[in-house]
Amino acid sequence: MKNVNVRLEKLNSENWYECCHLEVSKEQEKYMEPNAISIAQSKFEATLKPYAIYFEDKLVGFLMYNSVKEELDGYWIYRIMIDKNFQGKGIGKEATKLMILEMIKLLDAKRIIVGYSPENSGAHHLYASLGFVDNGDRFGKEMAVIKNITD
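Quantities reported herein were computed from a predicted structural model and do not represent experimental measurements.

Caption draft 1: Structural detail: the pairing of strand 7 (residues 142-148). By the criterion of burial, strand 7 is predominantly enclosed, with five of the seven residues buried. As defined by bridge partners, strand 5 (residues 111-116) adjoins strand 7 across six bridges and the pair is classed as antiparallel. From the neighbouring strand, Tyr-116 faces strand 7, where its bridge partner is Met-143. The pairing of strand 6 (residues 133-139) with strand 7 spans five bridges and is classified as antiparallel. Following the sheet pairing, Asp-134 is matched in strand 7 by Val-145. Taken together, strand 6 and the strand that follows it, strand 7, pair antiparallel across an intervening segment of two residues, in which Gly-140 is found at a positive phi of about 65°.

Here it is, written out as structure tokens:
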């Protein structure tokens, strides 16, 4: 297991602009909205919680989740992305683990859900490795996978 120095920081006036300039790989662009759109969405939907992802004190990613329950009686992860120059280092997995712990602590989340395109093999591998299960739920073109939190 790689020792990954990852931390999350709430999006703020110092880091939001840099988050807007992070990029996924060309192959991933079709699966994800630009971070600027997610950041704007969070300003109009107050329940969305955006965070910057840092690796060894460098901003390398962005994530966002909803702090209220939605479909499938769970809390949804809206975005998670790692800049194309920092992918493949385990940062996304560690950031997702930290986000899940945060959601459990702050929201007492018992069920966490994420939707993604069935063709997005990177997302599928990440979420499956963290215990998310596909029960066949679909929303438009996206599949929804669920992680049930047990005490």
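Next, the rest of the story.
Caption draft 2: Focus on the nonpolar core. The biggest cluster of nonpolar side chains holds 31 residues, and the ones touching the most others in it are Ile-53, Ile-77, Ile-91, Met-103, Ile-112, Tyr-127 and Phe-132. If you list the elements that add at least two residues to this core, you get strand 2 (48-55), strand 3 (58-66), strand 4 (75-82), helix 3 (91-107), strand 5, helix 4 (121-129) and strand 7. Counting residues per element, this core draws most heavily on helix 3, which supplies six residues. Beyond its immediate chain neighbours, meaning those up to four positions away, Met-103 contacts Tyr-65, Tyr-75, Trp-76, Ile-77, Asp-108, Ala-109 and Ile-112. Listed in part, the 12 residues of the second largest apolar core include Ala-52, Leu-59, Phe-62 and Met-81.

Caption draft 3: Up close: the side chain of Asn-15. On the secondary structure map, Asn-15 appears in the loop between strand 1 (6-10) and helix 1 (16-20). Judged by its relative accessible area of 1%, Asn-15 falls in the buried class. For Asn-15, the side chain forms a polar contact with the main-chain oxygen of Lys-10, separated by 3.3 Å. Not counting residues within four places of it along the chain, the set of residues in contact with Asn-15 comprises Glu-9, Lys-10, Ala-52, Tyr-54 and Leu-59.

Caption draft 4: Molecular detail of the sheet that holds strand 5. Spatial strand order, 1-2-3-4-5-7-6: seven strands in an open sheet with mixed pairing. The two strands at the open ends of the sheet, each matched to only one other strand, are strand 1 and strand 6. Each strand axis lies, on average, 30° off the axis of its neighbour in the sheet, ignoring direction. Pairing between strand 4 and strand 5: three bridges, direction parallel. Bridge pairing links Trp-76 to Ile-113 in strand 5. Each of strand 1, strand 2, strand 3, strand 4, strand 5 and strand 7 is contacted by helix 3, which is oriented at about 155° to strand 4, the strand it contacts most. Relative to strand 5, helix 4 is tilted by about 165°, and along the sheet it contacts strand 4, strand 5 and strand 7.

Caption draft 5: Broad picture of the packing of aromatic side chains. In this structure the tally under the stated criterion is five aromatic pairs. Both rings, one in Trp-16 and one in Tyr-17, keep their centres 5.5 Å apart while their planes meet at 85°; by these two values the pair is edge-to-face. With a relative accessible area of 53%, Tyr-17 lands in the exposed category. The interplanar angle of 70° and the centroid separation of 5.3 Å between the aromatic rings of Tyr-127 and Phe-132 together place this pair among those described as edge-to-face. Residue Phe-132 is classed as buried on the basis of its relative accessible area of 7%. A network of ring pairs unites the aromatic residues Tyr-116, Tyr-127 and Phe-132 as a single cluster. Note that Arg-7 overlies the ring of Tyr-54, its terminal NZ or CZ placed 4.2 Å from the centroid.

Rules behind the numbers
Residues numbered from 1 in each chain as written. Predicted model: local features only at pLDDT ≥ 70, side-chain atom pairs only at ≥ 80, totals over all residues. Heavy atoms only, no water. Buried < 20%, exposed > 50% of the residue type's maximum accessible area, 1.4 Å probe, protein only. Helix = DSSP H or I, 4+ residues; strand = E, 2+ residues; numbered from the N terminus. Pairing = 2+ DSSP bridges. Core = buried A, V, L, I, M, F, W, Y, C linked by side-chain atoms within 4.5 Å. Contact = heavy atoms within 4.5 Å. Polar contact = N/O pair within 3.5 Å; in protein donor to acceptor, adjacent residues only side chain to side chain. Axes fitted to C-alpha atoms, helices over the stretch in contact; angles between N-to-C directions. Phe/Tyr/Trp six-rings, centres within 6.5 Å; stacked < 30°, edge-to-face > 60°. Lys NZ or Arg CZ within 6 Å of the ring centre and 35° of its normal.

Functional significance is not addressed by these values, which are geometric in nature.
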